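# Fold and geometry: a report
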Amino acid sequence: MTELVPISAAPAVTRSGGGLTLASGALSRRAKAAIVVRLLLNEGADIPLEDLPEELQAHLTKAMGQMRLVDRDTLKQVAEEFASEVESIGLSFLGGMAGALNALDGRISPQTAARLRKEAGVREAGDPWKRIRDMGPELLLPILEEESVEIAAVMLSKLDVSKAAELLGKLPGPRARQITYAVSLTGAVTPEAVDRIGLSLASQLDARPVRAFNDGPVQRVGAILNSTTSITREDMLAGLDETDEGFANEVRKAIFTFANIPARIAPRDVPRILREMDQDALMIALAGAPAMNLQASADHLLDNMSARLADQMRETIQEMDKPNAAETDTAMGTVVATIRQMEAAGELMLIADNDED
């Protein structure tokens, strides 16, 4: 019964109490499946029938259309048979190679998954448009630039409004206007055509080479320089300016240092950050900030904590021995590392750096 098979000749029926009674022994497995589905739907169950192949969805629908009345005894027998078959299943391996690759997603290397998918000639299962919507703008922008305006218009229509607007803003004006106009012509596009376009685009994106690094070069260099001393960081950025000024500017935007605190930490977030902070490192960083020309960062933290705590810290700083540059740099690195960890964990949202200099 867990496998849908063709319905045999119309099931034998008898009349009982003015209604039709199905003889359970004459029911095909597909008819029994129709009864079970109808029962589950009546009970409010959410059955993912859309995951079935279209042919089986059609057979099931036709089977339900041929059914009329089912007596309680027959319903009970079919339900018990179905429950017995389900309970007898120990494990199920569905979907062939595609199902196996989806089950192991994230547990085997992307390189191995890509190679096996290519060898088996299988694509990723599921709604292709969902996978496309989950992809970043850097992957989707080339499609809008290179595909026909009709294809680009369909893709833009299937994306979330915010992502579609972001991508449209990255396109040259004439191309953006062409695609926008083409969107007005998509009213007559059939669902089948949209599905075929989604499958084609997803296949193109799935076929792209697996990247050796998850982050781009700007993010990787920025992360490295975040963890270096300020002297090393400035020396490396000066060298990058001479080699590739554009890349150097992008790296600067990816870097978050103690100096960026006033511009990128919202005042409301300061108390939460301070609770996670190593207090000794914080005090050294605050005490050494004036000598590093970073008093604005220290003031941003002090001004957005409770007045009582800020007064206590200022008093302690006055009594402390002034830390040297190396101690201050290390302490500031610890403060920044805590902020970065909170951001990576989703506990903190940094204000975007819109500096174009």
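Description of the structure in this document. (Residues numbered from 1 in each chain as written. Predicted model: local features only at pLDDT ≥ 70, side-chain atom pairs only at ≥ 80, totals over all residues. Heavy atoms only, no water.)

## With respect to the nonpolar core
Rule in force here: Side-chain atoms within 4.5 Å are what join buried Ala, Val, Leu, Ile, Met, Phe, Trp, Tyr and Cys residues into a set we call a nonpolar core. The rule is simple: take the accessible area with a 1.4 Å probe, protein chains only, and divide by the maximum for that residue type; under 20% is buried, over 50% is exposed, in between is partly exposed. Helix and strand assignments follow DSSP, with helices taken as H or I runs no shorter than four residues and strands as E runs no shorter than two, numbered in order from the N terminus.
With 31 residues, the main nonpolar core has Phe-258, Ile-261, Ile-265, Leu-282, Leu-286, Val-335 and Ile-339 as its most contacted residues. Among the elements of the structure, helix H16 (270-276), helix H17 (279-288), helix H18 (295-303), helix H19 (307-319) and helix H20 (325-344) are those that each provide at least two residues to this core.

## Section: the pattern of salt bridges
Counted only if it meets this: Salt-bridge detection follows one rule: a side-chain nitrogen of Lys or Arg within 4 Å of a carboxyl oxygen of Asp or Glu.
Summed over the entire model, instances satisfying the criterion amount to 7 salt bridges. Salt-bridge contacts for Glu-85 lead to Arg-29; the nearest nitrogen and oxygen are separated by 3.8 Å. Here Glu-85, found in helix H3 (residues 72-88), pairs with Arg-29, found in helix H1 (residues 29-42); they are 56 residues apart in sequence, far enough to count as distant. Overall, Arg-29 belongs to the partly exposed group, its relative accessible area being 30%. With a closest N to O distance of 3.3 Å, Lys-130 and Asp-134 form a salt bridge.

## So, the packing of H17 against H19
Put simply, the test is: Helix axes are fitted only over the stretch in contact, all axes being lines through C-alpha atoms; the angle between N-to-C directions runs from 0 to 180 degrees. Put simply, angles under 35 degrees are roughly parallel, angles over 145 are roughly antiparallel, angles from 65 to 115 are roughly perpendicular, and the rest are oblique. In a left-handed crossing the near helix is turned counterclockwise from the far helix by less than a right angle, and in a right-handed crossing that turn is clockwise. Here a residue-residue contact requires only that any non-hydrogen atoms of the pair lie within 4.5 Å. Basically, the charged four are Asp, Glu, Lys and Arg, the nonpolar ten are Ala, Val, Leu, Ile, Met, Phe, Trp, Tyr, Cys and Pro, and anything else, Gly included, counts as polar.
Between H17 and H19, the least distance of the axes is 10 Å, while the angle of their chain directions is 70°. Relative to H19, the element H17 is oriented roughly perpendicular. The crossing of H17 and H19 is right-handed. Contacts between H17 and H19 pair Gln-279, Leu-282, Met-283, Leu-286 and Ala-287 from the former with Met-313, Thr-316 and Ile-317 from the latter. When its residues are assigned to classes, the contact of H17 with H19 shows 6 nonpolar, 2 polar and no charged.

## Some remarks on the environment of Leu-201
Position of Leu-201 among the secondary structure elements: in helix H11 (residues 191-206). Judged by relative accessible area, which is 2%, Leu-201 ranks as buried. When the C-alpha positions of Leu-201 and Pro-128 are compared, they lie 8.2 Å apart, and in sequence the two are 73 residues distant. Leaving out residues up to four positions away in the same chain, Leu-201 has contacts with Trp-129, Ile-132, Ile-143, Glu-147, Ile-151 and Met-155.

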